Structures are given as C-alpha cells and as structure tokens.
Number of protein chains: 2
Amino acid sequence: MAESSKPILYSYFRSSCSWRVRIALALKNIDYEIVAINLIKDGGQQFSKEFQALNPMKQVPALKIDGITLSQSLAIIEYLEETRPTPRLLPQDPKKRAQVRMISDLLASGIQPLQNLSVLNQVGKENQLTWAQRVIAPGFNALEQILQSTAGKYCMGDEVSMADLCLVPQVANAERYKVDLSPYPTISRINKSLLALEAFQVSHPSRQPDTPPELRA
Amino acid sequence: MAESSKPILYSYFRSSCSWRVRIALALKNIDYEIVAINLIKDGGQQFSKEFQALNPMKQVPALKIDGITLSQSLAIIEYLEETRPTPRLLPQDPKKRAQVRMISDLLASGIQPLQNLSVLNQVGKENQLTWAQRVIAPGFNALEQILQSTAGKYCMGDEVSMADLCLVPQVANAERYKVDLSPYPTISRINKSLLALEAFQVSHPSRQPDTPPELRA
C-alpha cells in the first residue's frame, strides 16, 4: 500500500492543541495537508466513526505521518523534533530541556484540559466564563513567576521552543474567556513577540482553511 | 553553596502524579529523600509560601535535583531519562517513543487533570464521584483501543515504559472513584502485571513515609 508522502493533520481552526502542532509544522517547514474536523458541526465531527478510528480520544489534533497516526499534541511535537530536528524546539542542555517541558506541561496538562470544550460543556453555558477564568488565572500566575527565571525574548531564553508553541494558543484562549492579562506582563510580552513570527501567523486560527469567513484575518 | 547530593522529592502519598515519579526513581535505582506535602492538612501544605517558591503551581510532585527544581511529572521523568538513561523508560525507535508519549499524555493531560483534587473541589462533594467517572471512562475507552495495537506484557510491548508509570496511578484513581473496570481487560491485565514489579510496590501510596497508619499495606 502506497503511503501518502505528505503528512495529514486533522485540525480544527480554533483548537489550541491543533494550533500548537501547526506552529511546529510551520517552524520546521514541513509541507502537510489539513483535514478539517469541525468540533461543533454535525454534533461534532470528532465523534464520527471514521475519526474515532484515527483517534479514539475523539480530539484534535491527530497527525498521519511516516505510516503512523499520532494524537496528543506534545507527543506529536516531540516526534517531529526527533525525526525533523531542524530548527530545534528543545534546547541542547538537559536542564533547559527539562524547563521547556515543565512549562509546556504546565500549559498542556495544568491549564488547557481544564478549560477545553468537553469540560466547558459539562459545567453549563452560564458558568463557562467564570470556570475558564478560574482555571487559567492560577496557571498564568505560576507561569509568570517561572518565566522570571527562564525567559529571554521567549519562554526559554532567546530561542523559540516547544513552550512557546503552548503559550500563544493558551493566551488566545485566555483572551477569548476575557481573562485580565494585566497581571502577566512577561506572558504578554512574549506572546506579542511570538505573534510577530511568520510561523505563528500562518498557523493562526484566523488563517486556516476551515476558518469561517467572519473570523478571517 | 554546597548542593545536597541526594535528590529531594516533594510528594504526597496519594497523589497519582507523585507516584509516577516515585516509580521512575525506583526503576532507575535513584536514591532520594521524600519531603511530604500534605494536600489536605493545614488547608493544604502546597499553598505554603515555602512550597510555592519551589512550585508556583502549588502542586506535587516537585523534584530538587542537580541544582534545579522541576515540577510536572512527565517533564521530571523525561529529565531523569536523559540524565540517568538506565533502564530506559522510552523505547529506542522514534515511532514507539512517540506512542509511549501519546499514551502518557492521554493519561496525564487527557484524564488526570480533569479529576484532580482542585477540580473535584470545584464541582462540589455530591458530584465528585459522577464527575470523576465521566472523565475517566471515555479516556479508558480510548486507551483500551490504543493498547490493542501497542501492548505486549505492558503498554508498549514487553518493556516497562513511561506510559506504564502513568497507567498504574490512574487505575488506582479509577478504583477509588468506583469506575467499572470490566470494559477494560487490557488495561486491567497490564495494571496487574505492573503491580507485581518491585518498583511499583515500593512507590505505592500504601507504603510511603506519609501514608496514614490506617491506609498502610
């Protein structure tokens, strides 16, 4: 059976975890196709039989690459890093690598899951904003403090790392849920610097094939 | 300033994330000290000023090692893997490594955060059991399916990996929240095999310095 040579990313324009992977693919200059999975339409296309066969977690992103299908954004990014190492998204020094992973996990395990679509659906429409704010703010408090000892221009020194790929989509979520960002000057500064980079722009939710016209940049 | 030679693990006997790291330390035969952080007593010792300076996320585990303090269990385990590679907790093959990380993240981002102490406190005592079951069951459904193509004796073939370090503590949580495990024969089988290993036994919540007498093995 011939493998398609181009990786296929199953993505939703607004999914912050999909955005992380789109940034990695853009930074590493990997050509790929997008298959849009609309998390709202048809009761959620992630629940289709076809998609469940690709990712039983019924979540985006999933990436078909090198003959396997991977899910979980950080596992995907680590795989890209190991198989397409340039430019690197993890520093060479083990301690700095550990700190990049710590920040990434703080965002990807410590904040994002607590305010994702399925949880917000469970807490009820009237509570969503308060709930999201209540989980994002303590995470950002912690992150702002950690960044005091790791950040340069970006989360870890002056080179873009996996941590930055997690930061920008989470700040976008925070803005969407009207979190007051004024207590987080370092997070805000880094976010702004990153959004100026092309890889963060082409991967932006406002510029995806499945972005609705009214949300297009 | 002299560094203490032994790593210090800030741990709570019942914390599933602390248990992951305790297993890694045991498997890699790393001698360490435990400082117990009681998540319940005194309104939660993780909220003390002293502990917040170590981990601004106010969560266990945190590990002081090699002159740095790390938090986030998977970041800690990856650091141990890079600096103390024997025995390995990630396979050599990049695709298998990716699958181990995918399973680890499914458990560590896709399930555990949704049923941790701070979330359960927010949903209210009367809803805790239902909430925990509702987030663990779909994750285990997905994992059971993924394991069909990855598992041997353990989550990835016949060698213990990081995925197994995440599995066993999550199954313990599932049991605690009375999740029916009969739909997950593969998860149950692997869990049982792992619990027979010494590293999983010495690190068990029932055998920690801070385990209350009535819960001791």
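About the cut-offs
- Residues numbered from 1 in each chain as written.
- Chains lettered and ligands numbered in written order.
- Predicted model: local features only at pLDDT ≥ 70, side-chain atom pairs only at ≥ 80, totals over all residues.
- Heavy atoms only, no water.
- UniProt positions renumbered as here; feature names shortened; annotations may be inferred.
- Helix = DSSP H or I, 4+ residues; strand = E, 2+ residues; numbered from the N terminus.
- Rg over C-alpha atoms; globule rule 2.2 N^0.38 Å.
- Buried < 20%, exposed > 50% of the residue type's maximum accessible area, 1.4 Å probe, protein only.
- Areas by Shrake-Rupley, 256 points an atom, 1.4 Å probe, with all protein chains shown as cover.
- Lys, Arg positive; Asp, Glu negative; His and termini not counted.
- Charge placed at Lys NZ, Arg CZ, Asp CG, Glu CD.
- Core = buried A, V, L, I, M, F, W, Y, C linked by side-chain atoms within 4.5 Å.
- Contact = heavy atoms within 4.5 Å.
- Pairing = 2+ DSSP bridges.
- Expected span 1.5 Å × (residues − 1).

The name given to chain A in an unreviewed UniProt entry is Maleylacetoacetate isomerase, with Sus scrofa as the source organism. Listed in UniProt under the heading Subcellular location (unreviewed entry), the comment for chain A reads: "Cytoplasm". Its UniProt record gives chain A the following Pathway (unreviewed entry) comment, quoted word for word: "Amino-acid degradation; L-phenylalanine degradation; acetoacetate and fumarate from L-phenylalanine: step 5/6."

A few words on the overall build of chain A. Across its full length, chain A carries 9 helices and 4 strands. Counting from the amino terminus, helix and strand elements in chain A follow one another as β-α-β-α-β-β-α-α-α-α-α-α-α. For 217 residues, the compact-globule estimate of 2.2 N^0.38 gives 17 Å, and chain A sits close to it at 17 Å. With respect to the principal axes defined by its C-alpha atoms, chain A has extents near 50 × 45 × 30 Å. Counting only residues that meet the buried cut, chain A has 55% of its 217 residues in that class. Carbon and sulfur atoms make up 50% of the accessible area of chain A, which totals about 9400 Å². On chain A, the mean spot of the 24 positive side-chain charges and the mean spot of the 21 negative ones are 2 Å from each other.

Turning our eyes to something else, we now look at the nonpolar core. With 124 residues, the main nonpolar core has Trp131, Phe140 and Leu167 of chain A together with Trp131, Ile136, Phe140 and Leu167 of chain B as its most contacted residues. The contacts of phenylalanine 140 of chain B, once residues within four sequence positions are left out, are Leu107, Ile111, Gln170, Val171, Ala174, Leu181, Tyr184 and Ile187 of chain B.

With that settled, consider the pairing of strand E3 (residues 62–65) of chain A. Residue and element names in this part refer to chain A. Pairing of strand E1 (residues 8–11) with E3, which is carried by 3 bridges, proceeds in the antiparallel orientation. Of the residues in E3, the one forming a bridge with leucine 9 is leucine 63. Examined bridge by bridge, E3 and strand E4 (residues 68–71) share 4 bridges and lie antiparallel to one another. From the neighbouring strand, lysine 64 faces E4, where its bridge partner is threonine 69. Counting the residues that bridge the hairpin from E3 to E4 gives 2 residues, and of these aspartate 66 lies at a positive phi of roughly 55°.

This next bit is on the UniProt feature "domain: GST N-terminal" (unreviewed entry) in chain A. When the UniProt feature table is mapped onto this chain numbering, "domain: GST N-terminal" (unreviewed entry) sits at residues 5–88 of chain A. With 35% helix and 19% strand, the stretch residues 5–88 of chain A has end C-alpha atoms that lie 23 Å from each other.

Here the focus is helix H7 (residues 162–176) of chain A. Residue and element names in this part refer to chain A. Along its 15 residues, H7 runs 22 Å from first to last C-alpha, staying within 8% of the 21 Å computed at 1.5 Å per residue. Among the 15 residues that make up H7, 12 are buried, leaving the element largely enclosed by the rest of the structure. What H7 keeps buried is the set Met162, Ala163, Asp164, Leu165, Cys166, Leu167, Val168, Pro169, Gln170, Val171, Asn173 and Ala174. On its buried face, H7 is in contact with helix H1 (16–27), helix H3 (73–83), helix H4 (94–108), helix H6 (128–150), helix H8 (185–195) and helix H9 (198–202). Looking one or two residues beyond H7, the residue adopting positive phi is lysine 178, at roughly 55°.

On to unusual backbone geometry. Residue and element names in this part refer to chain A. Each neighbour pair has its own omega, and for valine 60 with proline 61 the value is 0°, a cis peptide bond. Assignment of secondary structure puts proline 61 in the loop between helix H2 (49–54) and E3. At lysine 58, a position not held by glycine, the phi torsion is positive, near 60°. Within the fold, lysine 58 resides in the loop between H2 and E3.

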